[in-house]
Structure formats: structure tokens, C-alpha cells
Amino acid sequence: MSGDIRLRRPVEADHALLVGNLDDWWGGRNVHQLFPRLWFQHFTATSWVADGRLVGFLVGFVSPDWPDEGYIHLVATGPNNRRAGLGRTLYERFFEDMRGRGVRRVRAMTWPGNRGSVAFHRAMGFQPADGPGTQNLYGTPAYPDYDADGDDRVAFSREL
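Peer 1: Please set out the pairing of strand β5 (residues 105-110) residue by residue, giving values where relevant.
Peer 2: What you see with β5 is a clean split: Val106, Ala108 and Thr110 sit on the buried side and Arg105, Arg107 and Met109 on the side with no burial. Strand direction decides the pairing type here: strand β4 (residues 69-77) and β5, joined by four bridges, are parallel. In the sheet register, Glu69 faces β5, and the bridge partner there is Arg105. For the segment spanning β4, helix α3 (residues 86-100) and β5, crossover handedness is right-handed. The pairing of β5 with strand β9 (residues 154-159) spans six bridges and is antiparallel. What sits directly across from Arg107, in β9, is Ser157.

Peer 1: Hey, could you go over helix α4 (residues 115-123) for me, with residue numbers and the actual values?
Peer 2: The α-helix advances 3.6 residues per turn, and as a result positions three or four apart in sequence lie on the same side. The complete set of buried residues in α4 reads Ser117, Val118 and His121. Down the axis of α4, the buried side of the element spans an arc of 100°, and every buried residue falls inside it. Of the exposed residues in α4, the ones pointing more than 90 degrees away from its buried face are Arg115 and Ala123. Elements that come into contact with the buried residues of α4 comprise α3, β5, β8 (140-142) and β9. Once α4 ends, the next one or two residues include Gly125, with phi positive near 95°.

Peer 1: Lay out the pairing of β4 with the relevant residues and their values.
Peer 2: Examined bridge by bridge, strand β3 (residues 56-62) and β4 share seven bridges and lie antiparallel to one another. Within β4, the position partnered with Phe57 by the bridge is Ala76. Where β3 hands over to β4, the hairpin turn is made up of six residues, counted between the paired strands.

Peer 1: Lay out the packing of α3 against α4 with the relevant residues and their values.
Peer 2: Across the interface, α3 lies against α4 with an axial gap of 11 Å and an inter-helix angle of 50°. The angle between the axes of α3 and α4 places the two elements in the oblique class. Relative to α4, α3 is oriented so that their crossing is right-handed. Packed against α3, whose contacting residues are Gly87, Arg88 and Tyr91, the element α4 presents Phe120, His121 and Ala123 at the interface. In terms of residue class, the contact of α3 with α4 is built from three nonpolar, two polar and one charged.

Peer 1: Let's hear about the sheet that holds strand β2 (residues 48-50): which residues, and what values?
Peer 2: With mixed pairing, the seven strands of this open sheet are ordered in space as β1-β2-β3-β4-β5-β9-β6. The two strands at the open ends of the sheet, each matched to only one other strand, are β1 (7-8) and β6 (127-128). Set on the sheet, α3 makes contact with β1, β2, β3, β4, β5 and β9; between it and β3 the angle comes to about 25°.

Peer 1: Summarise the pattern of salt bridges; cite the residues concerned and give the values.
Peer 2: Per the stated rule, a full pass over the model turns up 11 salt bridges. Measuring nitrogen to oxygen at the nearest pair gives 2.9 Å for the salt bridge that ties Asp14 to Arg8. Exposure remark for Arg8: the relative accessible area of 16% places this residue in the buried category. Where salt bridges share partners, they join Arg6, Arg8, Asp14 and Asp51 into one cluster.

Cut-off values and rules
- Residues numbered from 1 in each chain as written.
- Predicted model: local features only at pLDDT ≥ 70, side-chain atom pairs only at ≥ 80, totals over all residues.
- Heavy atoms only, no water.
- Buried < 20%, exposed > 50% of the residue type's maximum accessible area, 1.4 Å probe, protein only.
- Helix = DSSP H or I, 4+ residues; strand = E, 2+ residues; numbered from the N terminus.
- Pairing = 2+ DSSP bridges.
- Right-handed = clockwise from strand over helix to strand, strands pointing away.
- Arc of directions from axis to C-beta.
- Contact = heavy atoms within 4.5 Å.
- Axes fitted to C-alpha atoms, helices over the stretch in contact; angles between N-to-C directions.
- Parallel < 35°, antiparallel > 145°, perpendicular 65-115°, else oblique.
- Left-handed = near helix turned anticlockwise from the far one by under 90°.
- Nonpolar A, V, L, I, M, F, W, Y, C, P; charged D, E, K, R; others polar.
- Salt bridge = Lys/Arg side-chain N within 4 Å of Asp/Glu carboxyl O.

Set out below in C-alpha cells:
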């Protein structure tokens, strides 16, 4: 990761710039609706942004229903900052946060057709759920129609 990038907690003012780049960062997919302002109003103590030019972020939280579990809701790095360790650094900082809060497991979801995301999560030590209801989609165990018709998801978990 570049020395001119530092991690810090997000502030509400970061939202506009990040949401303005989000769809481009996801290759033109319409994902900005997954990132309303409330994430930078109510989840700042468990989230991170990569400062310098706001080149990445991770939004996560401790589950209110399962306090021994953390959840990564949304993560992104700018296209010019990929494959340099920024994503790994964001995840590791989140894991450190979660351990300090007594969390023993972190969960994350991704679309099974996003081979880069699936490979990244596996490289970070996440395992896909492969129990009842999963099917082999795009070469990985996933839940078909998880969120709605056609919204397939890989449900990852990682023990801390």
C-alpha cells in the first residue's frame, strides 16, 4: 500500500465523494443504492476510509443480534489502487477492531459471478457456506435468489 494513503474513520462529508465514484469502481454496475448516507452517520466507529484522495473504504459493524459476529457490508477500492494491498489492509484493520470488541467471526457476502471478489475473500481466509440451500454457481457454493430473484450470493465467514 502506498505510503501517502492512511486509514481513518469516515465522516459524513466523505459520503458524497465515495457514492459518486461507487458505480464506476464496480465497473458500471448500479450499486450506489447499497450505500446510503446512514452508513457514514451511524457506523463510523466500525468503518474505515483510505485517505489521501479517498481511494477506498470498508463499512462494517458488529451484529446487534449476534454480538460475537461482525459483518462487512460494503468495501471498495478505486481502480487505480487495486492489487497494492489496500483491500487487505482495510480488512485487517476491521478484523483488529472486531477482535477488540469480542467478535469471533466475520461474515461477508458477494455475487458468485464476481470472480475477483470470491478469490479475494478466499485469500483472506473466508470460507463460503456450502450447506442446505446452496448450489454451485459460477464455480462456488452460493445461495440462488438470496436477496431477490436473480440476486445470488456467496455467504462467506471467517473465524478470527
